[in-house]
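Topology and contacts: notes
These are the residues of each chain, in order.
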Amino acid sequence: MLTAPPLPATASAPRRFLPVLPVVAIIAMMALPVSGGGDGGGGTIADAVSGLVVLYCAIRLVRDRRRPLSRTAAVVFALPVVGIALAAAGAASPGAGITGLVRYLQIFVLVPAAVMLLIRDRRDARLVVWSLIGLALWQGAIGVHQYVTGTGASYMGEEIRAVGTFGAADVMGMATVVSFGIVCSLGLALGSGPGRQRTVAAVCALALLLPLALSFSRGAWIATAVTCGAQLALAGMRRAVKVFAVVAAASVILVGGLGVGTAMLQERISSITQVADAPDQSVTDRYTMWAAAVDMWRDQPLTGVGLKGFPDHRDGHASLALSSGSDTEGAGAGFKRQPLLSPHNMYLLILSEQGLLGLLALAGSWLALLVCGLRRLIRARRPASRGLDCALVACGLLTWQLVDFAYADIGGPSTALTAVLFGLGAWWALASEEAGDR
C-alpha cells in the first residue's frame, strides 16, 4: 500500500498530527454525556463525527492521488460486505435493511478503513492510544465518583454501578472504554518505548482496575483478563511473572479497600459460573436468547432472517424462561424497562440475521486481521525491530473485542469506538512495514 511521505522534523506538532486528529475527535466525543438517556436509539455525536472522518479520508485520498488499499486489505474489508449485502436484501422491510446495512458498513468497513489510512506511523498510533487511555481515565473517574456518592446505575437495589457518562441504559459503555484503556496501557508498559512512558502507562493500567471492578460487568472482566494474559505471554514470560505479582498485590489492596462492595463483587464473580445451578435472571435471559438465535439460524442456515430481524423473530423462537426486559434506573435517569432486542452475543446475532455466509465473512475478516497482526508482532519482538508497544496494543484490542463479542454485540453510544479499534488493528496488521517501523 502506498503511504504518504513523512512530514519534516521541523513541522509543528499540530501540523504533524493533523491527518490523525479526526480519529482522535471520535474518541473525544465519547467523553460527552449521552443525550436522551443513553437508550441507544438513533445515532450519536460520535457516529456523526465518524461519518465526517470517512469523508475527510476520501478527500485526502483524492487530493493526494493515492492508491487507498493494498490487495490484502481490500480483500479483508470486502469480505464483510458480501454477507451484509445479502442479509440486507433479505430484511423484513427496505428500511430495516438499509439501516442495518449502513450501521454494519460504518462499524466494520468504512470507519476502520479510514482510521487505518489516516494513521501513518507509530507516532500517530500512539496519539490514538493515549487518547483512548485519557478517555478511560475520565470515564473511570466519573464511575468511581458514582460508586462513592451513590449516583450510579441501580445494582441490587443500590445506585452504585459505575457507568460513566453513558447512563443506566448502556451499562457496558464505561466498562468497554475502561477495558480499552487497560489493554492500551498494558501494551505500552510492556513495549519497548521510553522508560517514563512505560512507567506512566503501568500506573494508568493499575488505576483503571478500580472502575472496571465497579462496573460489575462480567463480560468485560473476562475479556480483559484473557487479553492481558495474552499480552503478557506475548511480551515474554519473565516479564509476565513480575507483572502478575504486581497485579495480584494491587488486587488484594483493591478488594480489601472496597468495604461493602467486596461482597457484591464476590457474588458477581461467582455468578459467572452459575449457568445450571441457580443462575440469576440476567444469565437466564442471555442463554435463552442464545438458544433463540441458534433456532433462527436453523430455519435459515445460509442467509439468516435478515438484518434487524432478531427482535421480530425472538418471541417465536424463545422459551417461556425469557423475561420481558431488563430494569434500568439511576445515573440521572428514572426507572425504565428495556426490551431485550439482541442475543448479547455478536457471533450469534450475525448467525441468526446473516446466516452462515455472513458469519464466515465477518468473522473471517476479523480473524484475518488478528492473524496478520500476530505475525507482525512476532517480527516486532526481534532485537533490531521496533513497534512492540503498538503491536501489543493493536493485537490486544482485537483480542479483547473478539472475546467480548461472546458476551456482547454492537449497539449503544460506545459502538463507534469499536470501529476505531478495528481501524487501529487494521493499521498494524495491513499497513506497510515502513509505516509500522517509523
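Rules of the game
- Residues numbered from 1 in each chain as written.
- Predicted model: local features only at pLDDT ≥ 70, side-chain atom pairs only at ≥ 80, totals over all residues.
- Heavy atoms only, no water.
- 1 Å grid on protein atoms, 1.4 Å probe; cavity = no way out; pocket = protein on both sides within 12 Å on 5 of 7 lines; lining within 4 Å.
- Points joined across faces, edges and corners; volume = space filled by probe spheres on them.
- Helix = DSSP H or I, 4+ residues; strand = E, 2+ residues; numbered from the N terminus.
- Nonpolar A, V, L, I, M, F, W, Y, C, P; charged D, E, K, R; others polar.
- Pairing = 2+ DSSP bridges.
- Phe/Tyr/Trp six-rings, centres within 6.5 Å; stacked < 30°, edge-to-face > 60°.
- Buried < 20%, exposed > 50% of the residue type's maximum accessible area, 1.4 Å probe, protein only.
- Core = buried A, V, L, I, M, F, W, Y, C linked by side-chain atoms within 4.5 Å.
- Contact = heavy atoms within 4.5 Å.

**Examining empty space enclosed by the protein**
Over the atoms, a rolled probe matching the size of one water molecule traces out where space is still vacant. In total, this model carries two cavities of 30 Å³ or more according to the counting rule given. Lining the second largest cavity, in full, are V76, F77, P80, F108, P112, S365, W366, L369 and F422. Of all the secondary structure elements, the ones that give two or more residues to the lining of the second largest cavity are α4 (71–89), α5 (94–118) and α15 (346–380). A breakdown of the residues in the lining of the second largest cavity according to their chemical character gives eight nonpolar, one polar and no charged.

**Some details on the pairing of strand β2 (residues 158–161)**
For strand β1 (residues 153–155) and β2, the ladder comprises three bridges, and the chain directions are antiparallel. By the bridge assignment, Y155 is partnered in β2 with E158. Hairpin connection of β1 to β2: two residues between the antiparallel strands, including M156 at a positive phi of 55°.

**Focus: the environment of A141**
In this fold, A141 is placed in helix α6 (residues 122–149). The spatial distance from the C-alpha of A141 to the C-alpha of P211 is 7.3 Å, given a sequence separation of 70 residues.

**A word on the packing of aromatic side chains**
Counted under the stated rule, the structure contains 10 aromatic pairs. On the numbers, 5.9 Å between centres and 35° between planes, the contact of Y104 with F108 is tilted. One end of the pair is Y104 and the other is F108, both in helix α5 and four residues apart, which spans about a single turn. On the basis of relative accessibility, which here comes to 5%, the residue Y104 falls in the buried class. Taking relative accessible area as the criterion, F108 reaches 4% and is therefore assigned buried. For the pair F108 and W366, a centre-to-centre distance of 5.3 Å together with 50° between the ring planes defines the contact as tilted. Taken together, the residues span a long stretch of sequence, with F108 in helix α5 and W366 in helix α15 at a distance of 258 residues.

**Here's the deal with unusual backbone geometry**
The phi dihedral of K308 falls on the positive side, at around 65°, and the residue is not glycine. Inspection of the secondary structure puts K308 in the loop between α13 (281–299) and α14 (310–317). A residue is classified by how much of its surface remains accessible, and K308, at 42% relative accessible area, is partly exposed. Although it is not a glycine, H344 adopts a positive phi angle of roughly 55°. Its place among the elements puts H344 in the loop between β4 (333–338) and α15.

**Some remarks on the nonpolar core**
The biggest cluster of nonpolar side chains holds 115 residues, and the ones touching the most others in it are Y104, F108, M346, W366, L397, W427 and L430. If you tally residues by element for this core, the top one is α15, at 13 residues. If we skip the residues at most four places from it in the chain, F108 touches F77, M346, L362, W366, F405, I410 and F422.

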